[in-house]
Amino acid sequence: MAKTLVEHVRAGLDAERGAALAELFAALADAAKQIEARIRTAPLSDALGAFGHTNVQGEQQQKLDVFANDAVIGAMRALPSVGAVVSEEDDEPVVFEGKPDARFVVITDPLDGSSNLDVDVNVGTIVSVQAIVAGEDARAAALKPGTQQVAALYVNYGPATMLVYTVGKGTHAFTLRDGEFLLSGEHLAMPEQGPYYSVNEANAADFPQAVRSYLTKLRDGSMGAKYGSRYVGSFIADFHRTLLKGGVFLYPGTAKAPGGKLRLLYEANPLAMLAEQAGGKATTAGDANGGEVRRILEVVPTAPHVRTTLVIGSTAEVSAFGDVAAAAASQA
Ligand SMILES: O=P(O)(O)OC[C@H]1O[C@](O)(COP(=O)(O)O)[C@@H](O)[C@@H]1O
Ligand SMILES: [Mg+2]
Ligand SMILES: [Mg+2]
């Protein structure tokens, strides 16, 4: 009989911590089941389309962004252990008063891949968990580097609904069946080198020279293999494939977003932790002059919605990017 999510989390940790995180994951899984049910029948209801409000990112919120946000916040509000939620959809942290035993701040992208919602393509939910250290307010607790994450998880609403998590003891996958997330992949190992690169090449003209040289290297076979290209446009879907098959996903700086598009706290950090726990790697993509490439998890966040450039995936490809960027910087 396949292990349930709660059983697996409890089994991997000491009793006290296991119980607290199992309770948190069970509540997140319940929120994910609500979101999954809404997405699955969305074309039959009025669940699709714009909500008619612009969020702190300047993006048109989709109705399902708001639904997913309410589902996650609602589930966290009910838990004594969660002091606040930092969400892509809310300008400021949502702080829950009157919780003396609060020990976690939950940081979330309630619905990732919103541009794909109306066309029935994979979307996801992303969560990072930071501890609230005594005397810290929610915002300070959230603005810690990714190395201090207590846990990270995502849900991929695809042909199957899958939940992938880490608490720093490997990366594990679960599949939803009959209302239960059941273990379907334990201690996932990202291949050291993979067949695909994934980037929005429509922005290629704006990419820093180092990124353009790197993409040429992936295309011309000088990495010892000729790569295929895959880009879904939902970070979760592109990451999930990279986790299972290997390769690399990049979101470098562009003219529109020189500092990158993806958000450090609730997109890059949790997936970087999951990647590293599966033997992969995640770095920034440097700046316009190929400048310093840094381990994502060591970047100190300056604000809840700060963006970052990103290169994430198999060690061979991500390390090769670091080498290309270093060479470009030495010539600059
Ligand atoms: O359309 P672009 O510029 O390639 O951006 C796609 C990226 O934007 C995102 O949709 C941003 O995430 P949200 O949908 O949560 O805002 C990522 O999922 C995806 O990787
Ligand atoms: Mg997102
Ligand atoms: Mg989102």
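Residues numbered from 1 in each chain as written. Chains lettered and ligands numbered in written order. Predicted model: local features only at pLDDT ≥ 70, side-chain atom pairs only at ≥ 80, totals over all residues. Heavy atoms only, no water.

**Observations concerning the pattern of salt bridges**
Quick reminder of the rule: Each salt bridge in this description consists of a side-chain nitrogen of Lys or Arg and a carboxyl oxygen of Asp or Glu lying within 4 Å of one another. Segments assigned H or I by DSSP are reported as helices when at least four residues long, segments assigned E as strands when at least two residues long, and all are numbered from the N terminus. Burial classes follow relative accessibility: with a 1.4 Å probe on protein chains only, a residue under 20% of its type's maximum area counts as buried, one over 50% as exposed, and anything between as partly exposed.
Counted according to the given criterion, the structure contains 13 salt bridges. Residue Lys33 is joined to Asp30 by a salt bridge in which the shortest nitrogen-to-oxygen separation is 3.4 Å. Here Lys33 pairs with Asp30, and both are found in helix H2 (residues 15–40), just three residues apart, close to one helical turn. Owing to a relative accessible area of 24%, Lys33 belongs among the partly exposed residues under this scheme. In this structure, Arg40 and Glu36 form a salt bridge, with 2.7 Å as the shortest nitrogen-oxygen distance. Residue Arg40 and its partner Glu36 are located together in helix H2, separated by four residues, close to a single helical turn. Its relative accessible area of 16% is what places Glu36 among the buried residues.

**Quick word on the coordination of the magnesium ion (ligand 2)**
Rules: Nitrogen, oxygen and sulfur within 2.8 Å of a metal are treated as its donors, or within 3.2 Å for sodium, potassium and calcium (Na, K, Ca); water is not counted, so a site can appear incomplete.
Within the protein, the atoms that donate to the magnesium ion (ligand 2) are Asp109 (OD), Asp112 (OD) and Glu267 (OE), at distances of 1.9 to 2.1 Å. Taken in sequence order, the residues that donate to the magnesium ion (ligand 2) follow the motif D-x2-D-x154-E. Separation of the magnesium ion (ligand 2) from the magnesium ion (ligand 3) amounts to 3.7 Å, with Asp109 serving as a shared donor to the pair. For the pair shown, Asp109 and Asp112 are each scored as buried.

**With respect to the UniProt feature "binding site: Mg(2+) 1" (unreviewed entry) in the protein**
We apply this condition: UniProt positions are given in the numbering used here, feature names are shortened, and annotations may be inferred rather than shown by experiment. Only heavy atoms matter for contacts: two residues are in contact if any of them lie within 4.5 Å across the pair.
Feature annotation in UniProt places "binding site: Mg(2+) 1" (unreviewed entry) on Glu88, Asp109 and Leu111, given in this structure's numbering. For the annotated residues, spread through 24 residues, the largest C-alpha to C-alpha distance comes to 8.9 Å, consistent with a single compact locus. Assignment of secondary structure puts Glu88 in the loop between strand E3 (82–87) and strand E4 (94–95). When residues no more than four places from it in sequence are discounted, the contact partners of Glu88 are Asn55, Val56, Gln57, Glu59, Thr108, Asp109, Pro110, Leu111, Arg263, Tyr266 and His305.

**Some words on the coordination of the magnesium ion (ligand 3)**
Protein ligation of the magnesium ion (ligand 3) involves Glu88 (OE), Asp109 (OD) and Leu111 (O), the donor distances falling in the range 2.0 to 2.2 Å. Counting residues between consecutive donors of the magnesium ion (ligand 3) along the chain gives the motif E-x20-D-x1-L.

**As for the sheet that holds strand E11 (residues 196–198)**
Selection rule: Only strands joined by at least two bridges in the DSSP assignment are considered to pair.
Taken in spatial order, the five strands of this open sheet run E12-E11-E13-E15-E14, and their pairing is mixed. Since the sheet does not close on itself, it has two edges, and those belong to strand E12 (228–229) and strand E14 (281–283), each with one partner. In this structure, E14 lies alongside strand E15 (residues 310–313), joined through three bridges in antiparallel fashion. Bridging from a neighbouring strand, Lys281 pairs with Gly313 of E15.

**Re the sheet that holds strand E9 (residues 172–177)**
For clarity, the cut-off: What counts as an axis is a line fitted to C-alpha atoms, over the stretch in contact for a helix, and the angles between N-to-C directions run from 0 to 180 degrees.
Ordered in space as E4-E3-E5-E6-E7-E8-E9-E10, the eight strands form an open sheet in which the pairing is mixed. Edge positions in the open sheet fall to E4 and strand E10 (180–185), since each of these has one partner strand only. Strands in contact with helix H6 (residues 235–245) are strand E5 (104–112), strand E6 (123–131), strand E7 (151–157) and strand E8 (161–166); relative to E7, the strand with the most contacts, it is inclined by about 105°.

**Quick word on the nonpolar core**
Condition: Among buried residues, the Ala, Val, Leu, Ile, Met, Phe, Trp, Tyr and Cys ones that are joined through side-chain atoms within 4.5 Å form a nonpolar core.
Residues Leu5, Leu21, Leu24, Phe25, Met76, Leu111 and Tyr165 are the most contacted members of the largest nonpolar core, which totals 47 residues. Sort the elements by how many residues they give to this core and H2 lands first, with 12 residues. Excluding residues within four positions of it along the chain, Leu21 makes contact with Val9, Leu13, Phe104, Val150, Ala151 and Val167.

**As for the packing of aromatic side chains**
For clarity, the threshold we go by: Each Phe, Tyr or Trp ring (for Trp, its six-membered ring) is paired with any other whose centre lies within 6.5 Å, and the angle between the two planes then decides the class: stacked below 30 degrees, edge-to-face above 60, tilted in between.
Counted under the stated rule, the structure contains six aromatic pairs. Summarising the aromatic geometry, the rings of Tyr165 and Phe174 are spaced 5.8 Å apart at their centres and angled 35° between planes, so their arrangement reads as tilted. Note on Phe174: relative accessible area 0%, which makes it buried. Taking the centre distance of 5.0 Å and the plane angle of 35° together, the rings of Phe235 and Phe249 count as tilted. Of this pair, Phe235 sits in helix H6 while Phe249 sits in strand E13 (residues 248–251), and the two are 14 residues apart along the sequence. Both residues of the pair, Phe235 and Phe249, belong to the buried class.

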